[in-house]
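Below, each chain spelled out in residue letters.
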2 protein chains.
Amino acid sequence: MAAASIVGPKEGEGPLADSFDKIVQDTYHGEKTWEKAESKLLTESVETVIKKAGLTPQDIDYLLAGDLLNQIISANYAARQLTIPFVGLYGACSTMYEGIALAAMMVDGGYAEKVVVAVSSHHDTAERQYRYPTELGAQRPMTSQWTVTGAGAMLIGKEGSGPKITHATIGKIVDQGIKDANDMGSAMAPAAADTILTHLMDTGRTPEDYDLIVTGDLATVGKALVEKLAQQQNTDLSNNYTDCGILIFDPSQDVHAGGSGCACSAVVTCGYLIEEMMAGKFKRILGVGTGALHSPLSCQQGESIPGIGHAVAFEMQ
Amino acid sequence: MAAASIVGPKEGEGPLADSFDKIVQDTYHGEKTWEKAESKLLTESVETVIKKAGLTPQDIDYLLAGDLLNQIISANYAARQLTIPFVGLYGACSTMYEGIALAAMMVDGGYAEKVVVAVSSHHDTAERQYRYPTELGAQRPMTSQWTVTGAGAMLIGKEGSGPKITHATIGKIVDQGIKDANDMGSAMAPAAADTILTHLMDTGRTPEDYDLIVTGDLATVGKALVEKLAQQQNTDLSNNYTDCGILIFDPSQDVHAGGSGCACSAVVTCGYLIEEMMAGKFKRILGVGTGALHSPLSCQQGESIPGIGHAVAFEMQ
């Protein structure tokens, strides 16, 4: 029924700037902490998507939301303010697509008329929670990605003029033993490839049935690995496959492998992809939200980083 | 279709000991860390519920799971091992009921044949993440609760001889400004009362339509507050209302206000409540999973503790 996206200053300097509803110029966004700023971005993305559909929060049956922070506080405090019945999700950076799949089932099954799915991430909250204090200025290896600051929201209902959600493939966890928290692309790529291949097998489709196959935040390192893994299963993704983490930044922006974070796939989907579908450029897209399901503590305890990918097919009729 | 519960040694000394499938005698459960032990409990609860139904993991369409740890690592690492398509949830201690509501929609809507919902918590992992290092031995005020060590799993499908899930009321976040992380009962009670009253209004039912109304982990402090808040809305819960956090421990076990944690409502529901329904003691139960949606960081940044409650009606036909 509608989609909305809000991003931070760096994302607003990227190639997709025109597709976002709002670009904020300060990563604090008028708040005292980055965490409060992130929650505000999420709240505003939900308010924006509801407003774009000409509705009010009271018209929404459920809010499905999540983020990367411990105990998904960005989503919780946004949901507190919005007072919509709330389902909290955690799928790391795959959360937007996990939520879209669930929301489509809730609406199509007749349990809701209108559901909003929303997620957020913030470079500075993620960096200090997952890696190093931001003040430290630690050098980032070339495999590292830049967490997108922003929030995306999608309003899913039985009516509306946007693309239809025709299929969803919920992913299984795949873990190839990667332990480097600065190489998320490699950790998530096997799960993304598994979900894409499962989706194609389940539906009897081929990559050519889609105008675009787009993963969430594998960036250059992970995208290359997905293509290689698919090729090993005799599936050629080289013609119509890209990644939101590559689309959102220009290489000149010094983001190394590309973008990441819950908001990466969310703002690219709710901004650029939906916009181009509405404009007729793409008729059928397979989006695959990708997530790395570790924690700093699990890494400290010697665990590897498991990945997951959830696929959703969007189709203009 | 089936339910399973595994608990730690303290819970195994409580009044519901006979209703659990397994009682482990060591909180490390053969692992090197409490976090790994918690994940193992969750894995075993899922394996047990699948086995009780005479099935294998390959028969399960989706696993919906969550826990209290940062980035829900207990659930993620359990899902990695089980290789069932996985939907990660975070609703703090309300997660079991959030998951049951979603799973019932997925099955009833025709998107899945069999879904497992599972959650875990562990006293020692929760205590050191949310409050103090366990080695510190900090004195606990009388309003504090004891996080249940254990895991509960429920297999939901179209067949089976257990209770039917007839209604679900997804809760809104309610925040009355409580900032004391040692008084979770007071933080969650307003949300629980709101969900119970909303459920009764939506369905046209009265408390007497249920043999038992049971909240998740409000314990003695929160339960008294729910009764008071309901009374203010002319709803008398005094005859048939209790709380899983009161049921699971005996006052002699030195748990102060009672039990808490994701596993509190999960093991009491998957153990005692389902068992008593199958035995004919209760025909109709309204369970209300309750959660406190804060994080240590949000408390440090001055935020209060928002609560949520999700209600599910179980009915024997």
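Use the structure listed above.
Quick summary incoming for the structure in this document. (Residues numbered from 1 in each chain as written. Chains lettered and ligands numbered in written order. Predicted model: local features only at pLDDT ≥ 70, side-chain atom pairs only at ≥ 80, totals over all residues. Heavy atoms only, no water.)

1. Let's talk about the side chain of A:Gln253
All names here are of chain A. Looking at where Gln 253 falls in the secondary structure, it is placed in the loop between α8 (244–247) and β11 (259–260). Given a relative accessible area of 11%, Gln 253 falls into the buried group. Beyond its immediate chain neighbours, meaning those up to four positions away, Gln 253 contacts Lys 10, Glu 13, Gly 14, Pro 15 and Ile 248. (Helix = DSSP H or I, 4+ residues; strand = E, 2+ residues; numbered from the N terminus. Buried < 20%, exposed > 50% of the residue type's maximum accessible area, 1.4 Å probe, protein only. Contact = heavy atoms within 4.5 Å.)

2. Looking at the packing of helix α4 (residues 95–108) of chain B against helix α9 (residues 262–278) of chain B
Residues and elements named next belong to chain B. Between α4 and α9, the least distance of the axes is 7 Å, while the angle of their chain directions is 55 degrees. Relative to α9, the element α4 lies oblique. For the pair formed by α4 and α9, the contact residues are Thr 95, Met 96 and Tyr 97 on the first element and Cys 262, Ser 265, Ala 266, Thr 269 and Cys 270 on the second. (Axes fitted to C-alpha atoms, helices over the stretch in contact; angles between N-to-C directions. Parallel < 35°, antiparallel > 145°, perpendicular 65-115°, else oblique.)

3. A look at the pairing of strand β12 (residues 284–292) of chain B
All names here are of chain B. Of all nine residues in β12, eight are buried; the element is thus mostly enclosed. The sheet contact formed by strand β9 (residues 212–215) and β12 spans four bridges and is parallel. Within the sheet, the bridge partner assigned to Thr 215 lies in β12 and is Val 288. Relative to strand β13 (residues 307–315), β12 is paired through nine bridges, and the arrangement is antiparallel. Among the inter-strand pairings, Val 288 is bridged to a residue of β13, identified as Ala 311. (Pairing = 2+ DSSP bridges.)

4. Focus on the packing of aromatic side chains
Residues and elements named next belong to chain B. This model, assessed by the stated rule, comprises six aromatic pairs over all chains. Between Tyr 97 and Phe 314 the ring centres are 6.2 Å apart and the planes differ by 75 degrees, which places this aromatic pair in the edge-to-face class. Of the two residues, Tyr 97 is situated in helix α4 and Phe 314 in strand β13; the sequence distance between them amounts to 217 residues. For Phe 314, a relative accessible area of 3% gives the class buried. (Phe/Tyr/Trp six-rings, centres within 6.5 Å; stacked < 30°, edge-to-face > 60°.)

5. Considering the interface of chain B and chain A
With 49 residues of chain B at the contact, the number on the chain A side is 49 residues. Counting the surface lost from both chain B and chain A, the interface buries some 4100 Å², and carbon and sulfur atoms represent 60% of this. Where chain B meets chain A, there are six salt bridges. Between A:Asp175 and B:Arg80 there is a salt bridge, and its shortest N-O distance comes to 2.6 Å. For the pair chain B and chain A, the interface holds 33 residue pairs in polar contact (both at pLDDT 80 or more). Secondary-structure elements contributing two or more residues to the side of chain B that touches chain A are α2 (34–52), α3 (73–82), β4 (86–88), α4, α5 (123–130), α10 (296–300) and β13 of chain B. Its residues placed into classes, the side of chain B that touches chain A shows 25 nonpolar, 15 polar and nine charged. (Buried area = accessible area lost by both parts, 1.4 Å probe. Salt bridge = Lys/Arg side-chain N within 4 Å of Asp/Glu carboxyl O. Polar contact = N/O pair within 3.5 Å; in protein donor to acceptor, adjacent residues only side chain to side chain. Nonpolar A, V, L, I, M, F, W, Y, C, P; charged D, E, K, R; others polar.)

6. Comments concerning the layout of surface pockets
Quantified by volume, the largest pocket comes out at close to 1200 Å³. If you go around the largest pocket, you meet 50 residues; those closest to its centre are A:Ala104, A:Lys164, A:Ile165, A:Thr166 and A:His167. Of all elements in the fold, only β1 (2–7), α4 (95–108), β7 (150–157), β8 (164–169), α6 (184–203) and α9 (262–278) of chain A reach the threshold of two or more residues within the lining of the largest pocket. By volume, the second largest pocket amounts to about 850 Å³. If you go around the second largest pocket, you meet 36 residues; those closest to its centre are B:Ile156, B:Gly157, B:Pro163, B:Lys164 and B:Ile165. For the lining of the second largest pocket, the secondary structure elements donating two or more residues are β1 (2–7), α4, β7 (150–157), β8 (164–169) and α9 of chain B. Per-class residue counts for the lining of the second largest pocket are 20 nonpolar, nine polar and seven charged. Two domains share the lining of the second largest pocket, each providing at least three of its residues, namely domain 1 (2–157) and domain 2 (164–315) of chain B. (1 Å grid on protein atoms, 1.4 Å probe; cavity = no way out; pocket = protein on both sides within 12 Å on 5 of 7 lines; lining within 4 Å. Points joined across faces, edges and corners; volume = space filled by probe spheres on them. Domains from an automatic or database assignment.)

7. Concerning the sheet that holds β4(B)
The pairing of strands in a sheet happens through backbone hydrogen bonds and is either parallel or antiparallel. Residue and element names in this part refer to chain B. Strand order across the open sheet formed by six strands is β2-β1-β7-β5-β3-β4, with mixed pairing between neighbours. Two strands in the sheet have a free side with no partner beyond their single neighbour: β2 (22–23) and β4. Sheet topology places strand β3 (residues 62–67) next to β4; three bridges connect them, and they run parallel. Bridging across to β4, Leu 64 finds its partner in Val 87. Contacts from α3 reach β3, β4 and β5 (114–121) within the one sheet, and its direction differs from that of β3 by about 150 degrees. Sheet strands touched by α4: β3, β5 and β7. Its angle to β5, the strand with the most contacts, is close to 175 degrees.

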